[in-house]
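Results of the structural survey
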Amino acid sequence: MPHDAGSDELAAAVAATTGSGRRSSERSSERSSDRTRAAGPVHATPAAGGTPLEVLRRVWGYDEFRGDQARIIDTVVSGGDALVLMPTGGGKSLCYQVPALVREGTGVVVSPLIALMQDQVDALSALGVRAGFLNSTQQPWQRREVEDAYLAGELDLLYLAPERLAVPDTVDLLGRGTVALFAIDEAHCVSQWGHDFRPDYLRLSMLHERWPDVPRIALTATATAVTHREIAQRLQLEDAEHFVASFDRPNIQYRIVPKDNPRSQLLDLLRSEHAGDSGIVYCLSRASVEQTAEHLVGQGIDAMPYHAGLDRAVRAHNQARFLREDGVVMVATIAFGMGIDKPDVRFVAHLDLPKSVEGYYQETGRAGRDGLPSTAWMAYGLADVVQQRRLIDTSEGDAAHRRRLTQHLDAMLALCETVTCRRVQLLNYFGQSGEPCGNCDTCLAPPTTWDGTVAAQKLLSTVVRMAQRGQRYGVGHVVDVLRGKTTARVTQLRHDELSTFGIGADLSDAEWRGVVRQLVAAELLGVDSEGYGTLELVEASGEVLRGERTVAMRKEPERARRRSSGSGSSGASGSKAAADLDGEALEVFERLRTWRAGAAKEQGVPAYVVFHDATLRDIVLRRPSSLDELGTVGGVGVTKLERYGDGVLAALAG
Ligand code: ADP
Ligand code: ZN
């Protein structure tokens, strides 16, 4: 691809004008000052051209390809189609970005994530890659600028919303330029059974018919075999090479704790392990999102709410702050997240049970894209099981639909109650195998099991005795009776006369709640669906009562034993990214973060667009003393070295 000062200008202009409103004008003045600086003795190196490895090293500053990247890129560069299943953080973007720079023409990326296109283009521009996007948020004149750049052969990458391809003009436009490849991002959106279905994705098979010679690469982080088949079939990618990566995310530590006082448990996690870190807290309802966010703010944490009921502008503002600034905690419903490609989300916490393992994996997968240690933490209790079962009972749809929901929930509950490695269980769910990982709660502190058959019988027969009197009660009262507490209610109802009164004094309240939770999770005990939470027998309860079936139970870990061994977390920063840095190094890391925040603000881009945490860490560990040395740090490509090198060295000097 030809490259001269003119095309540089145009690239900057495209990147500058593709934004909307105020931001775009701020942006164009910043870009021009960038250019003035770049016009010095060091001349900008063209991003395009060369072998894939050369491009990787020059543009991204990375040494090697990871996993299947090299093979995928070779396939696409040589004109073949590819279907890529890779977990979040696996490095999917390079699989089409590198070929787009190597092949003649523009790489066209179809993505449903309109809100993120600006950031994606900004991130590419920061690398010296010429990128633009076309979507419905733009003014006609902004679109025309991008179209002109495309036609002039001045774009390396062009992002499109799928609905743009329904417009004949767009297809016509693409036909008048040179398409290097089509990348279909978030390809699971073509699946009608998934929750992210986009009708416009069904149309994408036309790309193949219209451009039979242009390679296509479809990518997704959704791993189930059903989705895999559907993507291949609906996008006519049966003949493509399929690349299925391991779905393991080794840097994420999975933990599921019994819910006790969830807000204080959460606060404990944030303070002891994630001070100053970015993270997401998922809640089921809008109300609990708002209350939790408020509570965290009251405790001095920089938290914000996000749910579909909030004003659009508020949502956009909160999302932008989360993406742009360091250390913001987003409290959200699952409306928040698809395609959040912020690399330094250090934790994802669930205060409510997700509906399925797929959902859980997708949500937790937003942590640690940059490969640094991250936490997936969840508090889970009886109320979650009850609530989810009730949601299913009252859901619309036929019996088959409810059965499917129940299967999803059961798999999720099995994950919560497992006494073996959580990671192995997750991988098995996606049809992959693994070894006990040593980095999940069940590996780190193996829970013990006990034979809960007798306890289950005691509990079930108490429920039976009450039912014989025509009464039903919730867990609190039933446990009081078992433990032999003479509460006012017990006396009033004369439940101290039940033959099971006091026969469960050997277990604590928490242990009994654990018994109830596990029985409900295993569907050996029912909870009424009218919302009173009263316990009732189900068919399978009889098998336990009659001794036809034994019940293995997970021992409830003692409360507050889970506090981590505090790897330097007593200091000013309990941040996970810097967890293994000692005092002085930590100081330098913080200095670099402060410098980065300033640089990001000045340029109106997210902090991670300047440099990732992983790169800052490497800089701290290597302490480069010259631009040349700095250029050898992973993540410092030619363009960034030129733009930020002096700033970094100055920040290092203190
Ligand atoms: P995905 O889209 O699969 O979630 P990304 O493309 O966002 O993943 O990549 C995840 C992170 O890994 C990014 O920070 C990216 O810069 C980094 N990365 C990708 N490939 C490499 C590589 N070969 N070497 C070093 N870092 C890489
Ligand atoms: Zn494990």
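Residue numbers here run from 1 along each chain, matching the order of that chain's written sequence. Just so you know, chain letters begin at A and ligand numbers begin at 1, following the order they were written in. This being a predicted model, a pLDDT of at least 70 is required before a residue's local features are given, and a value of 80 or more before pairs of side-chain atoms are given or counted; all residues contribute to the totals for chains, interfaces and linings. Hydrogens and water are ignored here; the side-chain numbers use all heavy atoms of the structure.

1. Comments concerning the coordination of the zinc ion (ligand 2)
For a metal bound by four donors in tetrahedral geometry, the ideal donor-metal-donor angle is 109.5 degrees, whereas six donors in octahedral geometry ideally sit at 90 or 180 degrees. In plain terms, the rule: Listed donor atoms are N, O and S within 2.8 Å of the metal (Na, K and Ca: 3.2 Å). As water is not included, a site may look incomplete. Runs of E in the DSSP output that reach at least two residues are strands. Runs of H or I that reach at least four are helices, and both are numbered from the N terminus. Residue burial is assigned from relative accessible area. The probe radius is 1.4 Å, only protein chains are included, and a residue is buried under 20% of its type maximum, exposed over 50%, and partly exposed in between.
For the zinc ion (ligand 2), the full set of protein donor atoms is Cys421 (SG), Cys437 (SG), Cys440 (SG) and Cys443 (SG), at a range of 2.3 to 2.4 Å. Taken in chain order, the donor set of the zinc ion (ligand 2) reads C-x15-C-x2-C-x2-C. Here the residue Cys421 occupies a position in the loop between helix H16 (399–417) and helix H17 (422–429), and Cys437 occupies one in the loop between H17 and helix H18 (441–444), the gap between them amounting to 16 residues. Residue Cys437 is classed as partly exposed on the basis of its relative accessible area of 25%.

2. Re the environment of Arg469
Note the cut-off: Note on contacts: a residue pair is in contact if any heavy atoms of the two residues lie within 4.5 Å. Each polar contact in these results corresponds to two N or O atoms within 3.5 Å; when the atoms are within protein, one needs to be able to donate a hydrogen and the other to accept it, and residues that are neighboring in sequence are counted only if both atoms are side-chain atoms.
The residue Arg469 is located in the loop between helix H19 (453–468) and helix H20 (475–482) in this model. Not counting the four nearest positions on each side in its chain, Arg469 is found in contact with Leu493, Arg494, His495, Glu497 and Leu498. Looking at Arg469, its side chain comes within polar contact range of the main-chain oxygen of Leu493, at 3.2 Å.

3. Focus: H20
Burial analysis of H20 places 7 of its 8 residues in the buried class, the great majority of the element. Within the span of H20, buried status applies to Val475, His477, Val478, Val479, Asp480, Val481 and Leu482. For H20, the elements touching its buried residues are helix H15 (382–393), H19, helix H21 (488–493), helix H22 (509–521) and strand E16 (535–536). Downstream of H20 by one or two residues, Gly484 has phi in the positive range, about 75 degrees.

4. What about the confidence of the model for the protein chain?
To be explicit about the condition: Per residue, pLDDT captures the predictor's confidence, and it can take any value from 0 to 100.
Of all residues in the protein chain, 89% attain a pLDDT of 70 or more, and the chain-wide mean is 87. pLDDT under 50 marks residues 1–45. Its contacts with residues more than four places away, or in other chains, come to 75 contacts.

5. Some thoughts on the sheet that holds strand E11 (residues 329–332)
What counts is decided by this rule: At least two DSSP bridges between two strands are needed for those strands to be called paired. Axes here refer to lines fitted to C-alpha atoms; in helices the fit is confined to the stretch in contact. Angles between the N-to-C directions go from 0 to 180 degrees.
The strand order across the open sheet formed by 6 strands is E8-E13-E12-E9-E11-E10, and the pairing between neighbours is parallel. The sheet is open, and its two borders are formed by strand E8 (252–258) and strand E10 (303–306), each paired with just one other strand. Geometrically, the sheet is characterised by an average inter-axis angle of 15 degrees between neighbouring strands, direction not taken into account. Contacting E8, strand E9 (278–282), strand E12 (345–350) and strand E13 (374–380), helix H11 (residues 262–273) crosses the sheet at an angle of about 165 degrees to E13. Set on the sheet, helix H12 (residues 286–298) makes contact with E10 and E11; between it and E10 the angle comes to about 170 degrees.

6. Some details on the environment of Ala287
Secondary-structure assignment places Ala287 in helix H12. Residue classification places Ala287 among the partly exposed residues on the basis of a relative accessible area of 45%. On a C-alpha basis, the gap between Ala287 and Gly309 in space is 9.9 Å, while along the polypeptide they are 22 residues apart.

7. Comments concerning H15
Applied cut-off: What a helix should span is 1.5 Å times the count of its residues minus one.
Compared with the 16 Å implied by 1.5 Å per residue over 12 residues, the 17 Å span of H15 between its first and last C-alpha is a close match. Restricting attention to buried positions, one finds in H15 the residues Leu382, Asp384, Val385, Val386, Gln388, Arg389 and Ile392. As for H15, its buried residues are in contact with E13, H16, H20, H22 and strand E15 (526–527).

8. Topic: the packing of helix H14 (residues 357–364) against H16
The test is simple: Oblique is the label for any angle not covered by the other classes, which are roughly parallel (under 35 degrees), roughly antiparallel (over 145) and roughly perpendicular (65 to 115). Under the scheme applied, nonpolar residues are Ala, Val, Leu, Ile, Met, Phe, Trp, Tyr, Cys and Pro; charged residues are Asp, Glu, Lys and Arg; polar residues are all the others, including Gly.
Taken N-terminus to C-terminus, the directions of H14 and H16 make an angle of 60 degrees; their axes are 8 Å apart at the nearest point. The orientation of H14 with respect to H16, classified from their angle, is oblique. Residues Val357, Glu358 and Tyr360 of H14 touch H16, and the partners they reach there are His408, Ala411, Met412 and Leu415. In terms of residue class, the contact of H14 with H16 is built from 5 nonpolar, 1 polar and 1 charged.

9. Description of the nonpolar core
One recurring pattern in soluble globular proteins is that nonpolar side chains are buried together. Here is the rule: Grouping buried Ala, Val, Leu, Ile, Met, Phe, Trp, Tyr and Cys residues that are joined through side-chain atoms within 4.5 Å yields what is termed a nonpolar core.
Grouped together as the largest cluster of nonpolar side chains are 105 residues, with contacts concentrated most on Leu174 and Phe322. Beyond its immediate stretch of four places on either side in the chain, Phe322 contacts Ser278, Gly279, Ile280, Met304, Val328, Met330, Phe336, Ile340, Lys342 and Val345. Among the nonpolar cores identified, the runner-up in size contains 36 residues, and Ile73, Met86, Val98 and Leu127 belong to it.

10. Remarks on the sheet that holds strand E2 (residues 106–110)
Taken in spatial order, the 7 strands line up as E3-E4-E2-E5-E6-E1-E7 in an open sheet, and their pairing is parallel. The open sheet has two edge strands with one neighbour each: strand E3 (131–134) and strand E7 (241–244). Between one strand axis and the next, the sheet turns through 20 degrees on average, direction left out of account. Pairing analysis gives 3 bridges linking strand E5 (residues 179–184) to strand E6 (residues 216–220), with the strands arranged parallel. Paired with Ile184 across the strands is Ala218, a residue of E6. The strands touched by helix H7 (residues 140–151) are E2, E3, strand E4 (157–160) and E5; relative to E3, the strand with the most contacts, the crossing angle is about 130 degrees.

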